[in-house]
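Descriptive analysis of the structure
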Amino acid sequence: QVQLVESGGGLVQTGGSLRLSCAASGRTFSSYSMGWFRQAPGKERDIVAAITGSGDRTYYADSVKGRFTISRDNAKNTVYLQMNSLKPEDTAVYYCAARDGPVQFIVTLTIPERYDYWGQGTQVTVSS
């Protein structure tokens, strides 16, 4: 069992930055691929970014490429999402998720149903 706890959300003005953190319990963090998803009111939960267990591969949604960076520190059991140049359309609840085991195709990490564990979410609000 893995528990995920997100932090770092909040209210920021357009153009500002936030860094989300997701701390995971357990001793085999490096075996988990991690993803950040977001869900705005009335919308589906969409992939934002994902990273494999070793960190050798990453994925970004087109809407955040060049602005967001996903990274992980396996020694600290933590995955991060650095968000720069924030826009009002980035407003959502952000969730981190963990998937156990190897991933052959990075596209697998874009599908919410392919994840085994989820955090409780953290609200990000970008004011215009």
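Further up the page is the structure itself.
Owing to the predicted nature of the structure, the values given are computational and were not obtained by experimental measurement.

**Some thoughts on the state of the cysteines**
Tallied over the full model, the rule gives one disulfide. C22 shares a disulfide with C96; S-S distance 1.9 Å. Because the sign of the S-S torsion sets the handedness, a value of about 40° for the bond joining C22 and C96 places this disulfide among the right-handed ones. Pair noted here: C22 is in strand β3 (residues 18–24) and C96 is in strand β9 (residues 92–100), with a separation of 74 residues, a long-range link. The pair formed by C22 and C96 is uniform in burial state, with each residue classed as buried.

**Structural notes on unusual backbone geometry**
Its identity is not glycine, yet N77 carries a phi of approximately 55°, on the positive side. Tracing the chain through its elements places N77 in the loop between β7 (68–73) and β8 (78–83). Notably, S85 is not glycine yet its phi reads approximately 50°, a positive angle. Residue classification places S85 among the partly exposed residues on the basis of a relative accessible area of 40%.

**A word on the nonpolar core**
Nonpolar side chains tend to gather and get buried jointly when the protein is soluble and globular. By size, the foremost hydrophobic cluster in this structure holds 30 residues, and its most contacted members are L4, M34, W36, L81, M83 and Y94. Listing elements by their share of this core, those giving two or more residues are β3, β4 (32–39), β5 (46–51), β7, β8, β9 and β11 (122–127). The residues touching M83, leaving out its near neighbours within four places in the chain, are G16, S17, L18, L20, R67, F68, Y94 and V124. One finds F37, A97, V103 and Y115 within the second-largest nonpolar core, a separate group that totals seven residues.

What counts, and where the lines are drawn
Residues numbered from 1 in each chain as written. Predicted model: local features only at pLDDT ≥ 70, side-chain atom pairs only at ≥ 80, totals over all residues. Heavy atoms only, no water. Disulfide = S-S within 2.5 Å. Helix = DSSP H or I, 4+ residues; strand = E, 2+ residues; numbered from the N terminus. Buried < 20%, exposed > 50% of the residue type's maximum accessible area, 1.4 Å probe, protein only. Core = buried A, V, L, I, M, F, W, Y, C linked by side-chain atoms within 4.5 Å. Contact = heavy atoms within 4.5 Å.

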